[in-house]
Amino acid sequence: MLFAAGFGVFAHHISSLTTPKNPPSADGIIVLTGGQARLDAALELLKSGKGKRLLISGVHPSAGRKSLQIATGADKALFSCCVDIDHAALDTIGNAEESAKWIEDHAYSSVILVTNNYHMPRSMLELGRLIADADLKPYPVVNTRLDGGGWMTNRGALRVLFTEYTKYVAALARAVVPLRSTAGGVAVVDASSKTAAN
C-alpha cells in the first residue's frame with residue numbers, strides 16, 4: 001500500500017512539472033541524452049546565453065562531434081566552442097558521475113539540468129549526491145502533457161511512470177548503502193564486508 005501510495009504522489013509530481021519559460025542563467029548546462037527534444041532544448045538554452053558551456057552526457061560512442069552537430073542542426077561555431085560530449089556514461093548513474101566531474105573541472109557553482117520530466121527526480125537525486133556546493137536548476141522537458149490526471153488514462157505514460165518510479169525507489173534505497181570515496185572523488189558502493197570470509 002505504501003509503494004502504491006508513493007507511486008501516486010510520484011506520478012502527480014511528474015504531471016505537474018512544466019518547462020520554465022525564462023529560466024535563470026547558470027554557469028553551465030547539462031543535458032542527458034534520451035530524446036531529440038532534450039538536445040534541442042539544451043542547445044536553445046546555450047544559444048540564448050543561459051550558460052557558458054553545455055555538456056551532452058551519454059552520447060553513443062559511434063556518434064562523433066560533427067555528426068551530432070549536423071543531426072541537431074546546431075550552429076557550427078557555437079557547437080565547436082561551447083559544447084562538450086561525454087561518451088562514457090551508459091546510464092543515469094554514469095550520467096551523474098561524468099556530470100559531476102565536468103562541474104568540478106570547470107569549477108561551476110550553478111548548473112541547469114535538462115532531461116524529460118519523468119526522468120528529472122532520479123537525475124537530480126543521482127547528481128545531487130555527487131556534487132557538493134553547485135546549485136542544480138531543473139529544466140524538465142515535457143513531451144506529453146499529463147496534468148489533470150491524464151497519466152491515469154494513458155497506458156503508455158502509465159508504464160513509463162511506473163518504470164521510472166521503480167528506478168527512483170531503488171535509487172533512494174541506494175542512499176542507505178555505505179559509500180566510500182575513490183581517488184577521483186566519486187562515491188561508490190562499498191561492497192567489502194568483514195563477514196565475506198566467513
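This is a predicted model, so every value here is computed, not measured. (Residues numbered from 1 in each chain as written. Predicted model: local features only at pLDDT ≥ 70, side-chain atom pairs only at ≥ 80, totals over all residues. Heavy atoms only, no water.)

1. Considerations on the overall build of the protein
Just so we agree on the cut-off: Runs of E in the DSSP output that reach at least two residues are strands. Runs of H or I that reach at least four are helices, and both are numbered from the N terminus. Partly exposed describes any residue whose relative accessible area lies between the buried limit of under 20% and the exposed limit of over 50%, with all areas from a 1.4 Å probe on protein chains only and scaled to the type maximum. Residues are treated as being in contact if the distance between any of their heavy atoms lies within 4.5 Å. Residue exposure ignores everything except the shown protein chains as possible cover, and the areas themselves are Shrake-Rupley values with a 1.4 Å probe.
A count of helices and strands for the protein gives seven helices and seven strands. Element order for the protein, N to C, with α for helix and β for strand: α-β-α-β-α-α-β-α-β-α-β-α-β-β. Across the 198 residues of the protein, 40% fall into the buried class. Put simply, of all contacts in the protein between residues at least 6 apart along the chain, 75% involve residues at least 24 apart. Working note: accessible area of the protein is about 10900 Å², and carbon and sulfur atoms make up 57% of it.

2. A closer look at the pattern of salt bridges
Heads up, the condition is: Each salt bridge in this description consists of a side-chain nitrogen of Lys or Arg and a carboxyl oxygen of Asp or Glu lying within 4 Å of one another.
This structure, assessed with the given rule, holds seven salt bridges. One salt bridge connects R174 with E126, and the closest N-O pair in it is separated by 2.5 Å. Separated by 48 residues along the polypeptide, R174 in helix α7 (residues 155-174) and E126 in helix α6 (residues 120-128) bring together distant segments of the chain. For R174, a relative accessible area of 26% gives the class partly exposed. One network of salt bridges, in which partners are shared, links E126, R129 and R174.

3. Re the sheet that holds strand β3 (residues 83-86)
Filter applied, for reference: What makes two strands pair is DSSP finding at least two bridges between them. Only the stretch in contact is used when fitting a helix axis, every axis being a line fitted to C-alpha atoms; angles between N-to-C directions are given from 0 to 180 degrees.
The strand order β3-β2-β1-β4-β5 describes an open sheet built from five strands, whose pairing is parallel. Two strands lie at the open edges of the sheet, namely β3 and β5 (135-141), each paired on one side alone. Direction aside, the axes of adjacent strands within the sheet are offset by 20 degrees on average. In terms of strand pairing, strand β1 (residues 28-32) meets strand β4 (residues 110-116) through four bridges, oriented parallel. Within the sheet, the bridge partner assigned to G28 lies in β4 and is V111. The strands touched by helix α5 (residues 92-106) are β1, β2 (53-57), β3 and β4; relative to β2, the strand with the most contacts, the crossing angle is about 160 degrees.

4. A short note on unusual backbone geometry
Of note in the backbone geometry, A107 takes a positive phi value of approximately 55 degrees without being a glycine. By the element assignment, A107 lies in the loop between α5 and β4. A107 sits in the exposed class, given a relative accessible area of 64%.

5. Things to note about the confidence of the model for the protein
Counted only if it meets this: Per-residue confidence from the prediction method is given by pLDDT, with values spanning 0 to 100.
Within the protein, residue pLDDT values average 85, and 83% of them lie at 70 or more. Per-element confidence in the protein is highest for β1, whose mean pLDDT is 98, and lowest for strand β7 (residues 187-189), whose mean pLDDT is 43. Throughout residues 178-198 the model reports pLDDT below 50, and contacts reaching past four residues in sequence, or to other chains, amount to 19 contacts.

6. Focus: the side chain of H119
The test is simple: Definition of a polar contact: a pair of N or O atoms within 3.5 Å, with one able to donate and the other able to accept a hydrogen when the atoms are protein atoms, and with sequence-neighbouring residues admitted only if both atoms are side-chain atoms.
Within the secondary structure, H119 sits in the loop between β4 and α6. The buried category is assigned to H119, whose relative accessible area is 7%. A distance of 2.8 Å separates the side chain of H119 from the side chain of T92, its partner in a polar contact. Within the structure, the side chain of H119 is placed 2.7 Å from the side chain of T115, a separation counted as a polar contact. Excluding anything up to four places from it in sequence, H119 contacts L32, R38, T92 and E164.

7. Points about the environment of P138
Summarising the element assignment, P138 is placed in strand β5. Sequence separation of P138 and M124 is 14 residues, and the distance between their C-alpha atoms is 7.6 Å.

8. A word on the pairing of β4
Threshold: Crossover handedness is defined here as right-handed if the route from the first strand over the helix to the second strand goes clockwise, with the strands pointing away from the viewer.
Counting buried positions over the seven residues of β4 gives seven, a clear majority of the element. Across seven bridges, β4 lies against β5 in parallel orientation. Bridge pairing in β5 links S110 to D135. Assessed by its sense of winding, the connection that carries the chain from β4 through α6 to β5 is right-handed.

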